[in-house]
Amino acid sequence: SIRVFGEQKVLLIKSILIELCGDENYEVCRAAGGELVKIGFLTAAEADSLYSIVSFKEFNNAGFTTKVKDIAISILIGKTADERLSTKKAAMFMLGVVGSDREDVISILLKRCLDINEDKDVRLAGIQAIGKMVEFVKSSVPVLVKLCQDNDHEVRLAAVQTIGVMGVLAKDAI
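Here the residue numbers are simple positions, counted from 1 along each chain's written sequence. Note on the predicted model: pLDDT of at least 70 is required for a residue's local features to be given, and 80 or more for side-chain atom pairs to be given and counted; whole-chain, interface and lining totals, by contrast, use all residues. Water and hydrogen atoms were dropped before computing side-chain values, which therefore reflect all heavy atoms in the structure.

## A look at the pattern of salt bridges
This is how the line gets drawn: The working definition used for a salt bridge is a side-chain nitrogen of Lys or Arg within 4 Å of a carboxyl oxygen of Asp or Glu. Numbering of helices and strands runs from the N terminus, with a helix taken as a DSSP run of H or I at least four residues long and a strand as a DSSP run of E at least two residues long.
Taken as a whole and assessed by the stated rule, the structure comprises 11 salt bridges. For the salt bridge of Glu24 with Arg84, the shortest nitrogen-to-oxygen distance reads 3.3 Å. Of this pair, Glu24 sits in the loop between helix H1 (2-20) and helix H2 (26-38) while Arg84 sits in the loop between helix H4 (66-79) and helix H5 (85-98), and the two are 60 residues apart along the sequence. Across the pair Lys38 and Glu35 runs a salt bridge, and its minimum N-O distance is 3.1 Å.

## Here we look at the confidence of the model for the chain
Cut-off, in case you're wondering: pLDDT is defined as a per-residue confidence score from the predictor, taking values between 0 and 100.
In the predicted model, the chain carries a mean pLDDT of 86, and the fraction of residues at 70 or more is 92%. Predicted confidence in the chain is weakest over helix H10 (residues 168-173), with a mean pLDDT of 70, and strongest over helix H7 (residues 120-130), with 94.

## Brief notes about the packing of aromatic side chains
Note the cut-off: Think of it this way: a Phe, Tyr or Trp ring, Trp meaning its six-membered ring, pairs with another when their centres are within 6.5 Å, and the plane angle makes it stacked under 30 degrees, edge-to-face over 60, tilted otherwise. Under the scheme applied here, a residue whose accessible area is under 20% of the maximum for its type counts as buried, over 50% as exposed, and between as partly exposed, the area being computed with a 1.4 Å probe on protein chains only. Charge-over-ring contacts are defined here by two conditions on Lys NZ or Arg CZ: a distance within 6 Å of the ring centre and an angle within 35 degrees of the ring normal.
Counting across every chain of the model gives 1 aromatic pair. Considering the side-chain rings of Tyr26 and Tyr51, the 5.6 Å spacing of their centres and the 75 degrees angle between planes classify their relative orientation as edge-to-face. With Tyr26 in helix H2 and Tyr51 in helix H3 (residues 44-54), this residue pair connects regions lying 25 residues apart in the sequence. Judged by its relative accessible area of 9%, Tyr51 is buried. Across the ring face of Tyr51, the terminal group of Arg30 is positioned such that the distance to the ring centre comes to 4.1 Å. Across from the ring centre of Phe41, 4.6 Å away, lies the NZ or CZ of Lys67, which sits over that ring.

## A few points about the side chain of Thr80
As a reminder of what qualifies: Here a polar contact means two N or O atoms within 3.5 Å. Within protein one must be a hydrogen donor candidate and the other an acceptor candidate, and residues neighboring in sequence count only if both atoms are side-chain atoms. Contact definition: two residues touch when any of their heavy atoms are within 4.5 Å.
Mapped onto the secondary structure, Thr80 falls in the loop between H4 and H5. Look at Thr80 and you get buried, because its relative accessible area is 1%. Looking at Thr80, its side chain comes within polar contact range of the main-chain oxygen of Ile77, at 2.6 Å. When sequence neighbours within four positions are dropped, the list of residues in contact with Thr80 reads Lys88, Ala91, Met92, Leu95, Ile108 and Arg112.

## A short note on a nonpolar patch on the surface
The cut-off we apply is this: The patch calculation keeps residues exceeding 30% relative accessible area without a salt bridge and links them within 9 Å when they carry like charges or within 5 Å when they are nonpolar (Val, Leu, Ile, Met, Phe, Trp, Tyr). The Shrake-Rupley method, run with a 1.4 Å probe sphere, supplies the accessible areas, and residue values consider only the shown protein chains as cover.
Taken together, the side chains of Leu12, Ile16, Leu20 and Val28 present a nonpolar region at the surface, about 300 Å² in accessible area. Per-element accounting of the nonpolar patch gives the leading share, 3 residues, to H1. Residue class for Leu20 comes out partly exposed when judged on its relative accessible area of 31%.

Below you can see the structure in the form of C-alpha cells.
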C-alpha cells in the first residue's frame, strides 16, 4: 500500500513536470525538462528535443523519440487554444511538423482552419501545416476545397496553394 502510494506520487510529479515543459516561461520549461531527466523519465537529448519543439525552435532529431513526440503533441495541442495569437500560430505550424502522421492532429488542424471566428493568421498556419500531412489527403482535401470558398482571400489562396502542393494526391482525393 505504501509502495502504490509512492508510485502514484511519482506519476503525479511526472505528469506535472510534463505539463510544465509547455510553460510559457523559458526557465520553468527548461527546469521541468531537467527534472524529468533527473528522475530518469527522459534522456538529456530527449529533454532538449522536447524543449525545442514546444518553444517553437528548430530541433535536433537525435532526441526525437516516440515518447518526446507524444508529449510534444499533447503540449502543442493545448497551445492551439492559447490566448496569444503568436503561440497559436506557432503551435499549429509545429503540429504539422511533429504530428504529420497523427489522425488526432489533422483533425484538430482541420477544425481550427474551418473556424471562421479563429484569427486568419492562425488559420493560415493550420493550412500550411495541413500541406505537410500528405498521409491525410483524403480527409483534408474536402476541407481545403471548402476553404477555397472562404470570405478571406488569403485563406482561399492558401487553400488553393496547399491543394496544388498535394498535386495528384489531391486529385485522387476529390
